Amino acid sequence: QVQVVESGGGLVQPGESLRLSCAASSSTYNIYDMGWYRQAPGKQREVVATITNGGITDYANSVKGRFITSRDNAKNTVYLQMNSLKPEDTGVYYCNAEGGKNYNIRYDYWGQGTQVTVSS
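Residues numbered from 1 in each chain as written. Predicted model: local features only at pLDDT ≥ 70, side-chain atom pairs only at ≥ 80, totals over all residues. Heavy atoms only, no water.

Comments concerning the pairing of strand β8 (residues 77-82)
Line of reasoning, step 1. The buried fraction of β8 is high, at five of six residues.
Line of reasoning, step 2. In this sheet, β8 lies alongside strand β3 (residues 18-25) in antiparallel orientation, the contact comprising six bridges. Among the inter-strand pairings, leucine 20 is bridged to a residue of β8, identified as leucine 80.
Line of reasoning, step 3. Bridge count for strand β7 (residues 67-72) against β8 is six bridges, and the pairing is antiparallel. (Buried < 20%, exposed > 50% of the residue type's maximum accessible area, 1.4 Å probe, protein only. Helix = DSSP H or I, 4+ residues; strand = E, 2+ residues; numbered from the N terminus. Pairing = 2+ DSSP bridges.)

Comments concerning the environment of glutamine 115
Line of reasoning, step 1. Along the chain, the position of glutamine 115 falls in strand β11 (residues 114-118).
Line of reasoning, step 2. Setting aside residues up to four positions removed in sequence, glutamine 115 forms contacts with Gly9, Gly10, Thr90, Gly91 and Val92.
Line of reasoning, step 3. Within the structure, glutamine 115 has its side chain in polar contact with the backbone oxygen of glycine 91 (distance 3.4 Å).
Line of reasoning, step 4. Within polar-contact distance, the side chain of glutamine 115 engages the side chain of threonine 117 at 3.3 Å. (Contact = heavy atoms within 4.5 Å. Polar contact = N/O pair within 3.5 Å; in protein donor to acceptor, adjacent residues only side chain to side chain.)

Notes on the state of the cysteines
Line of reasoning, step 1. Applying the stated criterion across every chain yields a total of one disulfide.
Line of reasoning, step 2. With a sulfur-sulfur separation of 2.0 Å, cysteine 22 is cross-linked through a disulfide to cysteine 95. On the sign convention where negative means left-handed, the S-S torsion of about -80° between cysteine 22 and cysteine 95 marks this disulfide as left-handed. With cysteine 22 in strand β3 and cysteine 95 in strand β9 (residues 91-102), the pair connects residues that are 73 residues apart, well separated along the chain.
Line of reasoning, step 3. Overall, cysteine 22 belongs to the buried group, its relative accessible area being 1%.
Line of reasoning, step 4. A relative accessible area of 0% places cysteine 95 in the buried class. (Disulfide = S-S within 2.5 Å.)

Notes on unusual backbone geometry
Line of reasoning, step 1. The phi angle at asparagine 76 is positive, at roughly 50°, despite the residue not being glycine.
Line of reasoning, step 2. Mapped onto the secondary structure, asparagine 76 falls in the loop between β7 and β8.
Line of reasoning, step 3. We classify asparagine 76 as partly exposed; its relative accessible area is 22%.
Line of reasoning, step 4. In this model, serine 84 sits at a positive phi of 50°, which is unusual for a non-glycine residue.
Line of reasoning, step 5. As for its placement among the helices and strands, serine 84 is situated in the loop between β8 and β9.
Line of reasoning, step 6. Residue classification places serine 84 among the partly exposed residues on the basis of a relative accessible area of 41%.

See the structure below:
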């Protein structure tokens, strides 16, 4: 009931920046909290940043001070500005959106993922 589509991944060198976008859409559900997760080869998926529909953000310690997430509620779109990228930021980045009829009953929806590679 919720479609989630990410874009903006690619190959960059250490120290460079990249911006990811994620659009969530639904004809039946409201969109609530959204977030970014990543999965490196051989590792579990981990949270990178989250943002509520009220704009409250939270970040993993590993990206604090370098990544910024923002949101356009009118478009149900979130962004992840990634600065000072490091090789350890490499992975598939997934967007998550919570959708539901009301805030008390929400479901998780995931995008297909976008590859970010940081390498010299």
